[in-house]
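The lines below spell out each chain.
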Amino acid sequence: MTELASAPERAESGELKRITHWIGGAAVPGSSGRVGPVYNPATGAQTAEVDLASVEEVDSGVAAARDAFPAWRELSLSRRAEVMFKVRELVSRRREDLARLLTAEHGKVLSDAVGEVTRGLEVIEYACGIPTLLKGGFSEQVSSGVDVYSIRQPLGVVAGITPFNFPAMVPMWMWAPALACGNTFVLKPSEKDPSASLLTAELLKEAGVPDGVFNVVQGDKVAVDRLLEHPDVAALSFVGSTPIARYIYENGTKRGKRIQALGGAKNHMVVLPDADLDMAADAAVSAAYGSAGERCMAISVVVAVGEVADDLVRAIKERLPKIVVGDGMDPGSEMGPLVTREHRDKVASYLDSAPTQGATVVADGRETAPDGNGFFLGVSLIDDVTPEMDAYKDEIFGPVLSVVRVPTYDEAVQLVNDNPYGNGTAIFTRDGGVARQFQFDVDVGMVGINVPIPVPVAFYSFGGWKASLFGDSHIYGPEGVNFYTRGKVVTSRWPDPATSRVNLGFPQTR
Ligand code: NAD
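Residues numbered from 1 in each chain as written. Predicted model: local features only at pLDDT ≥ 70, side-chain atom pairs only at ≥ 80, totals over all residues. Heavy atoms only, no water.

*Asks:* Any chance you could explain the side chain of Glu294 here in plain terms?
*Replies:* Looking at the element boundaries, Glu294 is found in the loop between helix 10 (277–289) and strand 15 (299–305). Here Glu294 sits buried without a salt bridge, and the closest side chain of opposite charge, Lys108, lies 7.5 Å off (N-O distance). Looking at Glu294, its side chain comes within polar contact range of the side chain of His106, at 3.4 Å. For Glu294, the side chain forms a polar contact with the main-chain nitrogen of Val339, separated by 3.1 Å. Those residues in contact with Glu294 that lie beyond four places of it in its chain are His106, Phe164, Asn165, Pro337, Leu338, Val339, His343 and Phe397. (Helix = DSSP H or I, 4+ residues; strand = E, 2+ residues; numbered from the N terminus. Buried < 20%, exposed > 50% of the residue type's maximum accessible area, 1.4 Å probe, protein only. Lys, Arg positive; Asp, Glu negative; His and termini not counted. Salt bridge = Lys/Arg side-chain N within 4 Å of Asp/Glu carboxyl O. Polar contact = N/O pair within 3.5 Å; in protein donor to acceptor, adjacent residues only side chain to side chain. Contact = heavy atoms within 4.5 Å.)

See below:
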């Protein structure tokens, strides 16, 4: 068995990169005296220090956004769309560069990192249609000579707080619609992989986004708490774990802010006995171990219904030795390391607790982790998992797939619906009627039918139910446009002054 390395390593060159804030259109080195370490998860070496903002530094980011708001808001829709098209072009052109930053700090393999940027680009493309998306309604002659129309206007300064697992795409889910709608933005990226935020800022500037419209404040809880309480922040989008999502929602709404807070997940893939076994096994393996399981839409539980279980576990197990785990920069690697040593160790701990609680470890990723100091864990499969076990109850967020065996479809649905999370789920079957019933029955926000990771395309909205989302708004797509704007209804008439008289009655339409 490979020993899981424990000693932190420093980058060989000894020179640590400094990752700064971006405020008012320029990189701004931190002055709080607080920094956090950034690692290359594939080597275990520290490669950078990221500035951690003080309250005053957050305030200066918000002030830059507030000052930039009036002019940005006033810019015509066609001009804002033009800027977004340019942003799209530059992000597309630099997608490999962004992807390399992701791989270097997150660990995901380069092809997956390119895929992340590409999915984010879809949201930017959607935002390019902002002149159409902001079209309001108009009703002529609702009363004699009276017209009514609705418009949507930006909120002002909005903030985004993002998780480590999609350091480029999740911020794009937020800033692309927010900016297109006429808001100015303060991003607080994950302190674990913050470099992509600065390249993004440079690209936005190059595209013609005016200084102060997009700002980055690096930091931790200090920065988040200041954004939550800052009176000039009108709305806050959060994506991360459920406890912090709940905290953001409760503390933001308490202060009158508009909040969308997306939380964690435990995504079930239900496999019925009539499913194509090879297709189901391929899908389970791809969706469980892609990005080392560090996706909020990763499949973490396969629910094997009836007699399919033994064959399915066998088919999944057969596929595992072929998965190439290694440095994400190596084109041969299919799965990279986990993001930090602590997280890797926590994920690995389920391989100890599960058998003591009665489960069967079919594949133990500690035995197949590459040597070295990287934060690697090989792919792991645990069978005979039941809902009381920690491996089922916790969002493991790593390359560990659990199998829960249930006798019937009804029990499968019950299991999914009893789970506190409701982000994504999938069903694998050849029976269209059962699939349609599943779509009707499950208490989950995003459902795949023979699709294991049903992340909605950019012109729909992304969001879970239950403990996977706090707030009323899903993210990006039409709900994103609604979130970043507020409605105004105008009632208008142009009467002949000669007809004017005093009337204390309530306005009537007929
Ligand atoms: P996290 O909740 O630890 O961190 C998210 C953000 O919150 C970071 O910017 C972090 O700096 C900040 N934060 C952390 N602790 C805080 C605290 N005590 N007070 C205030 N702010 C704090 O999440 P993570 O580990 O970066 O990301 C993984 C989690 O995100 C998983 O639970 C995953 O399911 C979830 N996620 C959800 C979605 C979704 O769309 N629902 C998408 C991606 C990730």
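*Asks:* Mind showing me how you'd approach a nonpolar patch on the surface here?
*Replies:* Side chains of Val457, Phe459 and Tyr460 sit close together on the surface and give an oily, nonpolar patch of about 330 Å² of accessible area. Here Phe459 lies in the loop between strand 21 (446–449) and strand 22 (465–466). (Patch = residues over 30% accessible without salt bridge, like charges linked within 9 Å, V, L, I, M, F, W, Y side chains within 5 Å. Areas by Shrake-Rupley, 256 points an atom, 1.4 Å probe, with all protein chains shown as cover.)

*Asks:* What is the right way to look at the pattern of salt bridges in this model?
*Replies:* Per the stated rule, a full pass over the model turns up 29 salt bridges. Close ionic contact of Arg100 with Glu96 constitutes a salt bridge, the shortest N to O distance being 3.9 Å. Highlighted residues: Arg100 and Glu96, both in helix 3 (residues 95–106), separated by four residues, approximately one helical turn. The residue Arg314 makes a salt bridge to Asp311 at a minimum N-O spacing of 2.9 Å. Taken together, the positions of Arg314 and Asp311, both in helix 11 (residues 309–319) and three residues apart, correspond to about one turn of that helix. The exposure class of Arg314 is partly exposed, given its relative accessible area of 48%. Ionic contacts of the salt-bridge type, sharing partners, join the residues Asp310, Asp383, Asp384 and Arg405 into one network.

*Asks:* In this structure, what is going on with the nonpolar core? I would like to understand it.
*Replies:* The nonpolar side chains of a soluble globular protein tend to be buried, and buried together. Counting 71 residues, the largest nonpolar core has Trp175 and Phe185 as the members making the most contacts within it. No other element matches helix 6 (residues 169–180), which puts 10 residues into this core. Excluding its chain neighbours within four sequence positions, the residues that come into contact with Phe185 are Ala65, Val158, Ala159, Gly160, Met174, Trp175, Ala178, Leu179, Val213, Phe214, Asn215 and Tyr484. In terms of nonpolar packing, the next biggest core, distinct from the first, is built from 67 residues, Ala354, Ala369, Val413 and Phe438 among them. (Core = buried A, V, L, I, M, F, W, Y, C linked by side-chain atoms within 4.5 Å.)

*Asks:* For this particular structure, what's the right way to read the confidence of the model for the protein?
*Replies:* When pLDDT drops low, the exact placement of atoms in the prediction is not to be read closely. With 97% of its residues at a pLDDT of at least 70, the protein reaches an overall mean of 96. Taken as a whole, residues 1–11 scores under 50 in pLDDT and shows 33 contacts with residues more than four places along the chain or in a different chain. (pLDDT = per-residue confidence, 0-100.)

*Asks:* Before we go on, may I ask you to explain the site of the ligand in this structure?
*Replies:* Neighbouring residues of the ligand: 26 residues in total, closest Lys188, Glu191, Ser241, Gly263 and Glu395. With respect to the ligand, the side chain of Glu191 contributes an N or O atom lying 2.7 Å from an oxygen atom. The separation between a nitrogen atom of the ligand and a polar main-chain atom of Gly263 is 2.8 Å. Burial of the ligand by the protein amounts to 88% of the accessible area it has alone, namely 830 Å². For the shell around the ligand, the secondary-structure elements that each account for two or more residues are helix 8 (221–229) and strand 12 (233–239). Looking at the shell around the ligand residue by residue, the class counts come to 14 nonpolar, eight polar and four charged. (Near = heavy atom within 4 Å. Nonpolar A, V, L, I, M, F, W, Y, C, P; charged D, E, K, R; others polar.)

*Asks:* Which parts of the structure should I look at to understand the pairing of strand 18 (residues 400–406)?
*Replies:* The two faces of the sheet receive side chains in turn, since in a regular strand these alternate between them. The buried fraction of strand 18 is high, at six of seven residues. Where strand 17 (residues 380–383) and strand 18 come together, three bridges link them in parallel fashion. Within strand 18, the position partnered with Ile382 by the bridge is Ser402. (Pairing = 2+ DSSP bridges.)

*Asks:* I'm lost on the environment of Val406 in this one. Help?
*Replies:* Within the secondary structure layout, Val406 lies in strand 18. Along the primary structure Val406 and Val303 are separated by 103 residues, whereas in three dimensions their C-alpha atoms are 6.9 Å apart. The residues touching Val406, leaving out its near neighbours within four places in the chain, are Val303, Ala304, Val305, Gly306, Glu411 and Ala412.

*Asks:* Quick question: what am I supposed to make of the packing of aromatic side chains here?
*Replies:* Both the distance between ring centres and the angle between the ring planes are used here to describe each pair of aromatic rings. Taken as a whole and judged by the stated rule, the model has 11 aromatic pairs. Arranged with centres 6.5 Å apart and planes meeting at 35°, the rings of Tyr249 and Phe470 form a pair that is tilted. With Tyr249 in helix 9 (residues 242–254) and Phe470 in strand 23 (residues 469–470), the pair connects residues that are 221 residues apart, well separated along the chain. What makes Tyr249 partly exposed here is its relative accessible area of 28%. Members of the aromatic cluster, connected to one another through ring pairs, are Trp173, Phe462 and Tyr476. (Phe/Tyr/Trp six-rings, centres within 6.5 Å; stacked < 30°, edge-to-face > 60°.)

*Asks:* Is there a simple way to think about the sheet that holds strand 16 (residues 360–363) in this case?
*Replies:* The strands making up a sheet associate through hydrogen bonds between their backbones, and the pairing can be parallel or antiparallel. Read across the sheet, seven strands follow the order 16-17-18-15-14-20-21 without closing on themselves; strand pairing throughout is mixed. The open sheet is flanked by strand 16 and strand 21, the only strands paired with a single partner. Here the strands of the sheet are splayed against their neighbours by 20° on average, with no regard to which way each runs. Strand contacts of helix 12 (residues 341–356): strand 16, strand 17 and strand 18, with the helix running at about 25° to strand 17, the strand carrying the most contacts. (Axes fitted to C-alpha atoms, helices over the stretch in contact; angles between N-to-C directions.)

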